[in-house]
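Commentary on secondary and tertiary structure
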Amino acid sequence: MEQADHGDLAALLPEDVLADVLRRVAEPRWLALSRCVCKAWRAIIDGGSLLRTELPFSGFFITFAELCLPEFFARPLSPLGRPAISGKLDFLPTPIKVCSDGWSLDGDYYIQDHCNGLLLLDGYVVNPATRCWNALPVCPHNHTGDGGIVHGILTHDYYLAFDPKVSSHYHVFEIPYLRWGKDGIDPLDETSEWPPSPYILHVFSSRRGCWEERLFVREGDAAGTLAKARVYESRLHSVYWRGYLYVHCQGDFIMRISLSEDKYSAIKAPMGVGDTNYIGLSEKGVYFASFVKNHIRVCILNESSNQLEWILKHDYDLKPIQMFDRQVHGPWILQDINYGVFRSHLPNINKEEVIHEKFEWNSDDDDFPKNEDMVEVHRRHPYFEIEILGFHPYKEILFLSRSETFKLKAMAFAYHLNSFNIESLGSIYPSCHRYFDSGLANEAREIESFPYTPCCWIEEIP
């Protein structure tokens, strides 16, 4: 008698029995991999909500312009049953080694992008939760121009697309960054549409292990002309949601890329926004935040109809944050990664010992703890700079930082977008930050940050 293979045996099981078997798979990683076996298994796992659909929100990676390593800002204790998350990148093949000058490192640890628990560094894709990494090969530029534009490409930005609920593989997109100004630019080229169609992009596939040239056809109108896109923009963000990569591009438009269909759309920014903008993911999808005078304007992308449109949520007053007059340490804490690495080269300081038992927190609670500091109105300060740290991935909460000149006394705040409550979370000012001062102008000391949702399902990055 010929023995049937495992796939045939599983197919003979009634659906309710198979669902009960899959329900007993306790490890999320194996349940996530089981979704890839066949369509029937995926339908059972998704239909019964057997796999947790939300990665835990654990804090923020924050990059300071004058520091060599990213900092991690979070509660000191993880929820029960989850490993403690560290922002240290000391598990990479290149050791973190302080150079002879005592103020720099032998290596580049700048975080270029992030997506669902993975970080993109120069030459690496990293999973800090599992301390695993993959080498990312250099992208070969073997065509004459980017998307039909031969001249005027200053550099390239790189963006991650990864969804562990769908696949253990990821993609890296290379998006051209245009040189601003008119020097050496052909005026005839400047009248052409931007982005072009088709748009040639380089895409790295972890499944294939190589870079490929992909042609993406535009749906709908272009964002504008090439001349209007040649504007200076600081760090541009991206989000990956429901199979689409949303990239905030020069010229203040969002490029919505579908890898499965080889198509893209150009979504113009909401009307009436300022010059400093941010896109992120939250409870209802893709959000857009922009500073408008003493307020911050928040819009939500409506994708329910055939036409993509921004819906204004509200304009939020920033005066309570500007007038807050206390320096709060905790309940969130900064891990002070740079101080730990450069400690032998820095003067001795008295760092307050953090009592870990005091700050237990579950990021999945419906509400933040009620006993934390709420912002009160105090005297006005002469100057404060407010920057966006990011959105809470599952609740309508916007995280902001406030600092004095040169990032002194930088603090983090949580702005609840529905209740209008504002909470002070603690200091994000790294210890001995002033000793790393290289003379950068204050406007060049932007904080770059993003919310981190660790993915522990994939023990090894494929």
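Residues numbered from 1 in each chain as written. Predicted model: local features only at pLDDT ≥ 70, side-chain atom pairs only at ≥ 80, totals over all residues. Heavy atoms only, no water.

The protein carries the name F-box domain-containing protein in an unreviewed UniProt entry, which gives Triticum urartu as its organism.

1. A word on unusual backbone geometry
In terms of backbone geometry, most residues other than glycine have negative phi values and most peptide bonds are trans. Note that the residue after Trp194, namely Pro195, is joined by a cis bond; omega there is -5 degrees. With respect to the element layout, Pro195 can be found in the loop between strand 9 (193-194) and strand 10 (199-205). In this chain, Ser197 is followed by Pro198 through a cis amide linkage whose omega measures 0 degrees. As for its placement among the helices and strands, Pro198 is situated in the loop between strand 9 and strand 10. (Helix = DSSP H or I, 4+ residues; strand = E, 2+ residues; numbered from the N terminus.)

2. Digging into the environment of Asp20
With respect to the helices, strands and loops of the structure, Asp20 is situated in helix 2 (residues 15-23). A relative accessible area of 32% places Asp20 in the partly exposed class. (Buried < 20%, exposed > 50% of the residue type's maximum accessible area, 1.4 Å probe, protein only.)

3. Things to note about the sheet that holds strand 19 (residues 295-302)
Reading across from one edge, 17-18-19-20 is the order of the 4 strands in this open sheet, with antiparallel pairing throughout. Pairing within the sheet leaves two strands with one partner each, and these edge strands are strand 17 (277-282) and strand 20 (309-317). Averaged over all pairs of adjacent strands, the angle between their axes in this sheet comes to 25 degrees, without regard to strand direction. Pairing of strand 18 (residues 285-292) with strand 19, which is carried by 6 bridges, proceeds in the antiparallel orientation. Bridge pairing in strand 19 places Val292 opposite His295. (Pairing = 2+ DSSP bridges. Axes fitted to C-alpha atoms, helices over the stretch in contact; angles between N-to-C directions.)

4. Re the sheet that holds strand 3 (residues 113-115)
The 4 strands are arranged 3-4-5-6 in an open sheet whose pairing can be described as antiparallel. Edge positions in the open sheet fall to strand 3 and strand 6 (132-135), since each of these has one partner strand only. The mean angle between the axes of side-by-side strands here comes to 20 degrees, regardless of whether they run parallel or antiparallel. Bridging between strand 4 (residues 118-121) and strand 5 (residues 124-127) involves 3 bridges; their strand directions are antiparallel. Along strand 5, the bridge assignment pairs Leu119 with Val126.

5. So, the confidence of the model for the protein
Mean pLDDT over the protein works out to 78, with 72% of the residues at or above the 70 mark. The secondary-structure element of the protein with the lowest mean pLDDT is helix 1 (residues 6-12), recorded at 60, while strand 19 shows the highest, at 96. Low pLDDT, under 50, characterises residues 1-6; the stretch is placed with 1 contact to residues that sit more than four places away or in other chains. Per-residue pLDDT stays below 50 along residues 353-380; that stretch engages in 68 contacts with residues further than four places along the chain or on separate chains. (pLDDT = per-residue confidence, 0-100. Contact = heavy atoms within 4.5 Å.)

6. Digging into the pattern of salt bridges
Note on pairing: side chains with opposite charge can pair once their charged atoms come close. By the definition in use, this model includes 8 salt bridges. A salt bridge links Arg131 to Asp90, with the nearest nitrogen and oxygen atoms 2.9 Å apart. Here Arg131, found in the loop between strand 5 and strand 6, pairs with Asp90, found in the loop between strand 2 (71-74) and strand 3; they are 41 residues apart in sequence, far enough to count as distant. In this structure Arg131 comes out as partly exposed when scored by relative accessible area, which is 42%. For Asp90, a relative accessible area of 43% puts it in the partly exposed group. Arg218 is the salt-bridge partner of Glu193, the closest N and O atoms lying 2.8 Å from each other. Of this pair, Glu193 sits in strand 9 while Arg218 sits in strand 11 (residues 210-219), and the two are 25 residues apart along the sequence. (Salt bridge = Lys/Arg side-chain N within 4 Å of Asp/Glu carboxyl O.)

7. Re the side chain of Ser431
Along the chain, the position of Ser431 falls in the loop between strand 25 (422-427) and strand 26 (448-452). On the basis of relative accessibility, which here comes to 16%, the residue Ser431 falls in the buried class. For Ser431, the side chain forms a polar contact with the side chain of Asp336, separated by 2.5 Å. (Polar contact = N/O pair within 3.5 Å; in protein donor to acceptor, adjacent residues only side chain to side chain.)

8. A few points about the packing of aromatic side chains
Taken as a whole and assessed by the stated rule, the structure comprises 25 aromatic pairs. Counting every residue linked through ring pairs, the aromatic cluster contains Phe57, Phe60, Phe73, Trp332 and Phe399. (Phe/Tyr/Trp six-rings, centres within 6.5 Å; stacked < 30°, edge-to-face > 60°.)

9. Some thoughts on the pairing of strand 17
Counting buried positions along strand 17 gives 5 out of 6 residues, so the element sits mostly inside the fold. Direction of pairing for strand 17 relative to strand 18: antiparallel, over a ladder of 6 bridges. Bridged to Asn277 within strand 18 is Ser290. Taking the residues that link successive antiparallel strands as the turn, the strand 17-strand 18 hairpin has 2 residues.

10. Considerations on helix 2
All of the buried residues in helix 2 are Leu18, Ala19 and Leu22. End-on, the buried residues of helix 2 take up no more than an arc of 100 degrees, which puts them together on one face. (Arc of directions from axis to C-beta.)

11. Side note on the side chain of Ser282
Along the chain, the position of Ser282 falls in strand 17. When its relative accessible area of 5% is taken as the criterion, Ser282 is described as buried. Here the side chain of Ser282 touches His392 through a polar contact of 2.9 Å, landing on its backbone oxygen. In terms of polar contacts, Ser282 uses its side chain to reach the backbone carbonyl oxygen of Lys395, at 2.8 Å. With near-sequence residues (within four places) excluded, Ser282 lies in contact with Tyr287, Phe391, His392, Pro393, Lys395, Glu396 and Ile397.

12. A closer look at the pairing of strand 5
On strand 5, burial covers both faces: Tyr124 and Val126 on one face and Val125 and Asn127 on the other are all buried. Connecting strand 4 to the next strand, strand 5, in antiparallel fashion are 2 residues, including Gly123 with a positive phi near 95 degrees. Connecting strand 5 to the antiparallel partner strand 6 that follows it, the hairpin turn spans 4 residues, and Arg131 within it adopts a positive phi of roughly 60 degrees.

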